[in-house]
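Commentary on secondary and tertiary structure
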Amino acid sequence: MKGFDAFSDSSPLTDRRQGIREGKGARQPVKGGNISAIGCLKVWMGLALAGMALFFTGCGMKENGNDSISGVPEYVFTYAENQAEDYPTSLGAYRFAELVKEKTGGRIEIQVKAGGLLGDEQAILEQLQFGGVDFTRVSLSPLSEIVPELNVLQMPYIYTGSEHMWKVLDGEIGEIFIGFFEGIPIQPLAWYDGGTRNFYTSNMPIRSLEDMKGMRIRVQQSSLMEDTMESLGAEAVPTAFDQVYSSLQRGTIDGAENSWPSYESEKHYEVAGYYILDEHTRVPEMQLASQVTWDKLSKEDQQIIRECARESATYQRIQWKEREKSSEERVRAEGCQVILLSEEEKERFREAVAPLYEKYCSDYMDIVEAIRNAGKEP
């Protein structure tokens, strides 16, 4: 059974967990979403780079039996990260690699390839499923194209705040979603923070639901995100993360949506000076391992990897909070106009996306209700 920790047996959601234990709904390995011609090119470019990493570093390959004596690692793995090296998720990746090397006495080395060197998140997920990449961190948005149940955890306005989200993910409900990875060649390791996503636009601010009408908004490769934009009256434009700046600059999109750190890190505020605090969604992220890689490791090493992942997640969340604050301060100092939607207007946004729960969560409304109740508990 995959998971961060063992399930308890005292929960009202026991039946749901038991179904997962028994393999109900288990799936065959799948590829994520539909990929355009450009997407295919990026996948193959990523595969070529991964192949080079295999050739030059022995990615995921076991060395000779005298490695512990000679000081040469027994395994050398790659960790793909599409964000910049100083981004909180990248810092979490480096911390993870450092911990693994320390706790295995140098037997396992993880080489972090940050800055999108091995492709975007969708391309990385493709590689991860057959071992072209060993470890990564991705947003739940592209990952939900492979594990659709994860859409529940990123539904618009489902959380009351950060504390509520972590109460869900770090608890029993989070464990249920780990069970949904059965039948998928990906091993979930830890939850990472992706912050709150807000809209930002180039030519006009968003102050009401009516302002969304007809706007071309960049979204990740995610059916849920596309439907969310359309429910709000906007036109969803799936675009690779590294193409957002130029798309805003050329005017092929009117805006995008992301967290403070992403908005600041990629300097999107230079071409989209209106940042709207609508908090339409909190999209958690996950640190993952390829099942191909996982199966190479002993049970003892697997346990070490899990422990290091959890420690790195704690570190990453701290880094995220600090970066979120500094990113907002920098963007405001650069003259970005920050707009806070009124509670009345946010309620209109909530009502507009409410039908999406029926489309994406009809089989999981018991879990949706449990998530909502968790936000009401003291």
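Report on the accompanying structure. (Residues numbered from 1 in each chain as written. Predicted model: local features only at pLDDT ≥ 70, side-chain atom pairs only at ≥ 80, totals over all residues. Heavy atoms only, no water.)

With that out of the way, let us pick up the overall build of the chain. Counting secondary structure elements, the chain contains 16 helices and twelve strands. Here the chain, with 378 residues, has 57% of them falling under the buried criterion. For the chain, the computed accessible surface area is about 16100 Å², with 51% contributed by carbon and sulfur atoms. (Helix = DSSP H or I, 4+ residues; strand = E, 2+ residues; numbered from the N terminus. Buried < 20%, exposed > 50% of the residue type's maximum accessible area, 1.4 Å probe, protein only. Areas by Shrake-Rupley, 256 points an atom, 1.4 Å probe, with all protein chains shown as cover.)

Let's shift gears to the pattern of salt bridges. According to the stated counting rule, one finds 21 salt bridges in the structure shown. We note a salt bridge from Glu377 to Lys167, for which the minimum N-O separation is 3.1 Å. With Glu377 in the segment after helix H16 (365–376) and Lys167 in helix H7 (residues 162–169), the pair connects residues that are 210 residues apart, well separated along the chain. Note on Lys167: relative accessible area 35%, which makes it partly exposed. In this structure, the salt-bridge partner of Glu328 is Arg332, at a minimum N-O distance of 2.9 Å. With Glu328 and Arg332 both in helix H13 (residues 299–333) and four residues apart, this pair spans about one turn of that helix. Accessibility expressed as a relative area gives 42% for Arg332, which makes it partly exposed. Shared partners join several salt bridges into a network, and the residues in it are Glu279, Glu343, Lys346, Glu347 and Arg350. (Salt bridge = Lys/Arg side-chain N within 4 Å of Asp/Glu carboxyl O.)

Let us now look at the packing of aromatic side chains. Taken as a whole and judged by the stated rule, the model has 13 aromatic pairs. Aromatic side chains Tyr75 and Phe77 sit 5.4 Å apart centroid to centroid with 15° between the ring planes, which places their arrangement in the stacked category. Each member of the pair, Tyr75 together with Phe77, is buried. Aromatic side chains Tyr79 and Phe96 sit 5.9 Å apart centroid to centroid with 55° between the ring planes, which places their arrangement in the tilted category. Of the two residues, Tyr79 sits in strand E2 (residues 75–80) while Phe96 sits in helix H4 (residues 88–103), which places them 17 residues apart along the sequence. Here Tyr79 falls in the buried class, since its relative accessible area comes to 0%. Each residue in the set Tyr75, Phe77, Tyr79, Phe96 and Phe135 is aromatic and connected to the rest through ring pairs, giving one cluster. Over the face of the ring belonging to Tyr315 we find Arg95, whose NZ or CZ atom lies 6.0 Å from the ring centre. Lying over the aromatic face of Trp166, Arg317 brings its terminal NZ or CZ to 3.5 Å of the ring centre. (Phe/Tyr/Trp six-rings, centres within 6.5 Å; stacked < 30°, edge-to-face > 60°. Lys NZ or Arg CZ within 6 Å of the ring centre and 35° of its normal.)

Close contact between H7 and H16 brings their axes to 9 Å; oriented N to C, the two are set at 130°. In terms of orientation, H7 and H16 fall into the oblique class. When you trace H7 past H16, the crossing you get is right-handed. Contacts between H7 and H16 involve His164, Lys167 and Val168 on the former and, on the latter, Ile371, Ala374 and Gly375. Residues of the contact of H7 with H16, tallied by class, amount to three nonpolar, two polar and one charged. (Axes fitted to C-alpha atoms, helices over the stretch in contact; angles between N-to-C directions. Parallel < 35°, antiparallel > 145°, perpendicular 65-115°, else oblique. Left-handed = near helix turned anticlockwise from the far one by under 90°. Contact = heavy atoms within 4.5 Å. Nonpolar A, V, L, I, M, F, W, Y, C, P; charged D, E, K, R; others polar.)

The next point concerns the environment of Ser259. Structurally, the position occupied by Ser259 is in the loop between strand E9 (255–258) and helix H11 (260–265). Expressed as a C-alpha distance, the spacing of Ser259 and Glu279, which sit 20 residues apart in the sequence, is 9.2 Å. When residues no more than four places from it in sequence are discounted, the contact partners of Ser259 are Tyr87, Gly194, Thr196, Arg197, Tyr275 and Trp320.

That is the geometry; function is a separate question.
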